[in-house]
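Residue-level structure breakdown
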Amino acid sequence: EPEVTQTPSHQVTQMGQEVILRCVPISNHLYFYWYRQILGQKVEFLVSFYNNEISEKSEIFDDQFSVERPDGSNFTLKIRSTKLEDSAMYFCASSVSAGVNSPLHFGNGTRLTVT
Amino acid sequence: AQSVTQLDSHVSVSEGTPVLLRCNYSSSYSPSLFWYVQHPNKGLQLLLKYTSAATLVKGINGFEAEFKKSETSFHLTKPSAHMSDAAEYFCVVSDSTGNQFYFGTGTSLTVIP
């Protein structure tokens, strides 16, 4: 069965550095998402992306964050100038279409540790 | 606004006994609800979904859930637990567009041999 793949599985970075988290969505999917889960807290929506632009974003997704689909397969989340509180598990997801009849398929996540 | 509350952070059952993971939702419209499972070092896998069709929803691995509007609940059940069911389970409600999913805090299921 096709999967969403995320790399790396674990990223350690120093405060103030930039990180790029990478995702390869399922090939025929058109909608892409990033979620994050701070340890011990809920999984939170960050951003959704369709047709090469952001369709929705949460309050968490401020100017520090950006997303990009640089080619036909990758979907990246960039965090500029990381902060300690950015430490979390970041999940990429994709779906065939929008709407509740097209559930999200999640990757295994990237654990980001900011020191 | 949409939200879900998972009433138990940890549930422990013996192998072969029934599983009940509780979820209550809050939604300003007719909701779509999902259960996802997360095994250690794995991604979130869809177990089942409710999208205003039959109120009793059957999912993978023998799980099912019943949507009860009067109780605003969507509890996950399985008649007989298996060791491989040990995982974290998330109840999720989506917004009306299906673009945003709102997760519960998760229930960790332990299965005792």
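Described in the following lines is the structure provided in the data block. On a predicted model such as this, the values are computed, not experimentally measured, just so you know. (Residues numbered from 1 in each chain as written. Chains lettered and ligands numbered in written order. Predicted model: local features only at pLDDT ≥ 70, side-chain atom pairs only at ≥ 80, totals over all residues. Heavy atoms only, no water.)

What about the overall build of chain B?
As a reminder of what qualifies: Only runs of H or I of at least four residues qualify as helices and only runs of E of at least two qualify as strands under DSSP, and these elements are numbered from the N terminus. In this treatment the radius of gyration is a C-alpha quantity, and the globule benchmark scales as 2.2 Å times the residue count to the 0.38 power. A 1.4 Å probe rolled over the protein chains alone gives each residue an accessible area, and that area as a share of the maximum for its type sets the label: buried under 20%, exposed over 50%, partly exposed in between. Residue contacts are counted whenever heavy atoms from the two residues lie within 4.5 Å of one another. Here the accessible surface of atoms and residues is derived via Shrake-Rupley with a 1.4 Å probe, and residues count as covered only by protein chains that are part of the display. Here Asp and Glu are counted as negative and Lys and Arg as positive; His is not counted, and neither are the chain ends. In this description, the location of a charge corresponds to atom NZ of lysine, CZ of arginine, CG of aspartate or CD of glutamate.
If you tally the helices and strands in chain B, you get 0 helices and 12 strands. When its helices and strands are written in sequence order, chain B yields β-β-β-β-β-β-β-β-β-β-β-β. In summary, chain B has a C-alpha radius of gyration of 13 Å against a globular reference of 13 Å for 113 residues, a match within 12%. With the C-alpha coordinates of chain B rotated into their principal frame, the extents come out at 40 × 30 × 20 Å. Here chain B holds 113 residues, and 46% of them are scored as buried. Contacts in chain B between residues far apart in sequence, at least 24 positions, make up 56% of those at least 6 positions apart. For chain B, the accessible area works out to roughly 5,100 Å², and carbon and sulfur atoms hold 53% of it. Separation of charge centres in chain B, based on 7 positive and 8 negative side chains, amounts to 5 Å.

A short note on the overall build of chain A
Within chain A, the regular secondary structure consists of 0 helices and 11 strands. Taken from the N to the C terminus, the helices and strands of chain A come in the order β-β-β-β-β-β-β-β-β-β-β. Computed over the C-alpha atoms, the radius of gyration of chain A is 13 Å, within 12% of the 13 Å expected from 2.2 N^0.38 for a compact globule of 115 residues. Referenced to the eigenvectors of the C-alpha coordinate spread, the extents of chain A come out at roughly 40 × 30 × 30 Å. By residue count, 47% of the 115 residues in chain A fall in the buried class. Nonlocal contacts in chain A, meaning residues at least 24 apart in sequence, comprise 54% of its contacts between residues at least 6 apart. For chain A, the computed accessible surface area is about 5,700 Å², with 46% contributed by carbon and sulfur atoms.

Focus: the sheet that holds strand E1 (residues 5–7) of chain A
The strands making up a sheet are joined through hydrogen bonds of the backbone, oriented either antiparallel or parallel. Residues and elements named next belong to chain A. This is how it is decided: One requirement defines pairing of two strands: DSSP has to find at least two bridges between them. In this description, a line fitted to the C-alpha atoms serves as the axis of each element, helices being fitted only across the stretch in contact, and the angle between N-to-C directions of two axes falls anywhere from 0 to 180 degrees.
If you walk across this open sheet you meet the 4 strands as E1-E3-E8-E7, and the pairing is antiparallel. The two strands at the open ends of the sheet, each matched to only one other strand, are E1 and strand E7 (65–68). In this sheet, neighbouring strand axes are inclined to one another by 20° on average, regardless of whether the strands run parallel or antiparallel. The pairing of E1 with strand E3 (residues 19–24) spans 3 bridges and is classified as antiparallel. Residue pairing across strands places Thr5 opposite Val24, the latter belonging to E3.

A closer look at the interface of chain B and chain A
Put simply, the test is: The term buried area refers to how much accessible surface (probe radius 1.4 Å) is lost by two components on association, counted for both of them together. Should a side-chain nitrogen of Lys or Arg be within 4 Å of a carboxyl oxygen of Asp or Glu, the pair is scored as a salt bridge. Between N or O atoms, a polar contact is any pair within 3.5 Å; within protein, one atom must be a potential hydrogen donor and the other a potential acceptor, and residues adjacent in sequence are included only when both atoms are from side chains. Note that Gly is not counted as nonpolar here; it falls among the polar residues with everything else outside the nonpolar set of Ala, Val, Leu, Ile, Met, Phe, Trp, Tyr, Cys and Pro and the charged set of Asp, Glu, Lys and Arg.
In this assembly, 23 residues from chain B lie in contact with 18 residues from chain A. Taken together, the two surfaces of chain B and chain A that pack against each other cover about 1,800 Å², and 53% of this comes from carbon and sulfur. Ranking the residues of chain B by area buried against chain A places B:Leu44, B:Asn99 and B:Phe103 at the top, with a combined share of 30%. Inspection of the chain B/chain A interface yields 0 salt bridges. Across the contact surface, chain B and chain A share 2 residue pairs in polar contact (both at pLDDT 80 or more). Secondary-structure elements contributing two or more residues to the side of chain B that touches chain A are strand E5 (33–38), strand E6 (44–50), strand E10 (87–94) and strand E11 (101–103) of chain B. Class assignment of the residues belonging to the side of chain B that touches chain A gives a composition of 8 nonpolar, 12 polar and 3 charged.

Some details on the environment of A:Leu77
Residues and elements named next belong to chain A. With respect to the helices, strands and loops of the structure, Leu77 is situated in strand E8 (residues 75–79). Overall, Leu77 belongs to the buried group, its relative accessible area being 0%. Leu77 sits 58 residues away from Val19 along the chain, and the two C-alpha atoms are 8.2 Å apart. Not counting chain neighbours up to four residues away, the residues in contact with Leu77 comprise Val19, Ile20, Leu21, Trp34, Leu46, Phe61, Phe65, Ser66, Val67 and Tyr90.

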